[in-house]
Amino acid sequence: MDEKQFLETWQIHNRINLYLLDAVEPAALSSLSASKGRNVGEQFAHIHNVRLMWLKAAAPELLAGLIKIEKDRPADKKLLHKALTDSGEAIKLLLGQAVLAGGKIKGFKPHATAFLGYLISHESHHRGQIILSLKQSGKVLEKKVLYGIWEWGVR
């Protein structure tokens, strides 16, 4: 496995999450899909909080300085950006440790590459929910952003 490419894949993915967040107007963070559930801000917070859950299970020492975003906390774009940046860096460190440990993530099977795929799949699912919630709330993102989340070569 090429460690540099492995970690870079995570970093690109996290930058795309931040790119999407940056494109959302602060007032739109409270947007809901037609089927209710989490609003846009809560979706971003959920992504962060699930990262913390995995860090707690696999490498609790990497939680230092990270805080869970509680559901009753109002959506704050600056807080979400910092939280996703910081938890993204902690996950990168976890992935780096896994490479050194022979590709193992404590509490996850089968291996670190599958864990990376799991995280990207989970977070991309929520990106789709975010985009749908915005669309159904009449706050459609610019086409540039909708195409931009697929531009892994420039993010």
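Everything quoted here is computed from the prediction, not taken from an experiment.

(A) Just unusual backbone geometry, in detail. Look at the link from lysine 109 to proline 110: it is a cis peptide, with omega at 15°. Inspection of the secondary structure assignment puts proline 110 in the loop between α3 (77-100) and α4 (112-136). Not every positive phi belongs to a glycine, and lysine 36 is a case in point at roughly 70°. With respect to the element layout, lysine 36 can be found in the loop between α1 (3-23) and α2 (40-58). The class of lysine 36 is exposed, set by a relative accessible area of 56%.

(B) Broad picture of the pattern of salt bridges. Summed over all chains, the structure comprises four salt bridges. With a shortest N-O distance of 2.8 Å, arginine 51 and glutamate 123 are connected by a salt bridge. In this pair, arginine 51 sits in helix α2 while glutamate 123 sits in helix α4, placing the two residues 72 residues apart along the sequence. On the basis of relative accessibility, which here comes to 0%, the residue arginine 51 falls in the buried class.

(C) Quick peek at the packing of aromatic side chains. Within this structure, the stated rule accounts for six aromatic pairs. Seen from their ring centres, tryptophan 54 and phenylalanine 108 are 5.6 Å apart, and the 75° between their planes marks the pair as edge-to-face. Separated by 54 residues along the polypeptide, tryptophan 54 in helix α2 and phenylalanine 108 in the loop between α3 and α4 bring together distant segments of the chain. For tryptophan 54, a relative accessible area of 11% translates into the label buried. Note on phenylalanine 108: relative accessible area 14%, which makes it buried. Taken together, a centroid distance of 5.6 Å and an interplanar angle of 80° make the contact between tryptophan 54 and tyrosine 118 edge-to-face. Of this pair, tryptophan 54 sits in helix α2 while tyrosine 118 sits in helix α4; the two residues are 64 residues apart in sequence, bridging distant segments of the chain.

(D) Representation of α1. Here α1 is 21 residues long and its end C-alpha atoms lie 31 Å apart, about the 30 Å a rise of 1.5 Å per residue gives. All of the buried residues in α1 are Phe6, Leu7, Trp10, Ile12, His13, Asn14, Ile16, Asn17, Leu18, Tyr19, Leu20 and Leu21. Where the residues of α1 are buried, they touch α2, α3, α4 and α5 (143-148). Where α1 begins, one side-chain oxygen reaches toward the backbone nitrogen of lysine 4, 3.0 Å away; that side chain belongs to aspartate 2.

(E) Just the layout of surface pockets, in detail. In this model, the largest pocket occupies a volume close to 230 Å³. In terms of lining residues, the largest pocket is bounded by 17 residues, among which Glu42, Ala45, Ile69, Glu70 and Lys71 are the most central. Contributing elements (two or more residues each) for the lining of the largest pocket: α2 and α3. Along the lines of polarity and charge, the residues of the lining of the largest pocket split into six nonpolar, four polar and seven charged.

(F) Representation of the environment of proline 26 within the structure. Residue position: proline 26 is located in the loop between α1 and α2. Along the backbone, proline 26 and alanine 58 are 32 residues apart, and their C-alpha atoms lie at a distance of 33 Å.

(G) Highlighting the packing of α1 against α4. For the pair α1 and α4, the least separation of the axes is 11 Å and the interaxial angle reads 10°. It follows that α1 is roughly parallel to α4 by the angle criterion. In this structure, the crossing between α1 and α4 has a hand that is left-handed. Residue-level contacts link Phe6, Thr9, Trp10, His13, Ile16, Asn17 and Leu20 of α1 to Ala112, Thr113, Leu116, Leu119, Ile120, Glu123, Ser124, Arg127, Ile130 and Ile131 of α4. Residues of the contact of α1 with α4, tallied by class, amount to ten nonpolar, five polar and two charged.

Parameters and conventions
- Residues numbered from 1 in each chain as written.
- Predicted model: local features only at pLDDT ≥ 70, side-chain atom pairs only at ≥ 80, totals over all residues.
- Heavy atoms only, no water.
- Helix = DSSP H or I, 4+ residues; strand = E, 2+ residues; numbered from the N terminus.
- Buried < 20%, exposed > 50% of the residue type's maximum accessible area, 1.4 Å probe, protein only.
- Salt bridge = Lys/Arg side-chain N within 4 Å of Asp/Glu carboxyl O.
- Phe/Tyr/Trp six-rings, centres within 6.5 Å; stacked < 30°, edge-to-face > 60°.
- Expected span 1.5 Å × (residues − 1).
- Contact = heavy atoms within 4.5 Å.
- Polar contact = N/O pair within 3.5 Å; in protein donor to acceptor, adjacent residues only side chain to side chain.
- 1 Å grid on protein atoms, 1.4 Å probe; cavity = no way out; pocket = protein on both sides within 12 Å on 5 of 7 lines; lining within 4 Å.
- Points joined across faces, edges and corners; volume = space filled by probe spheres on them.
- Nonpolar A, V, L, I, M, F, W, Y, C, P; charged D, E, K, R; others polar.
- Axes fitted to C-alpha atoms, helices over the stretch in contact; angles between N-to-C directions.
- Parallel < 35°, antiparallel > 145°, perpendicular 65-115°, else oblique.
- Left-handed = near helix turned anticlockwise from the far one by under 90°.

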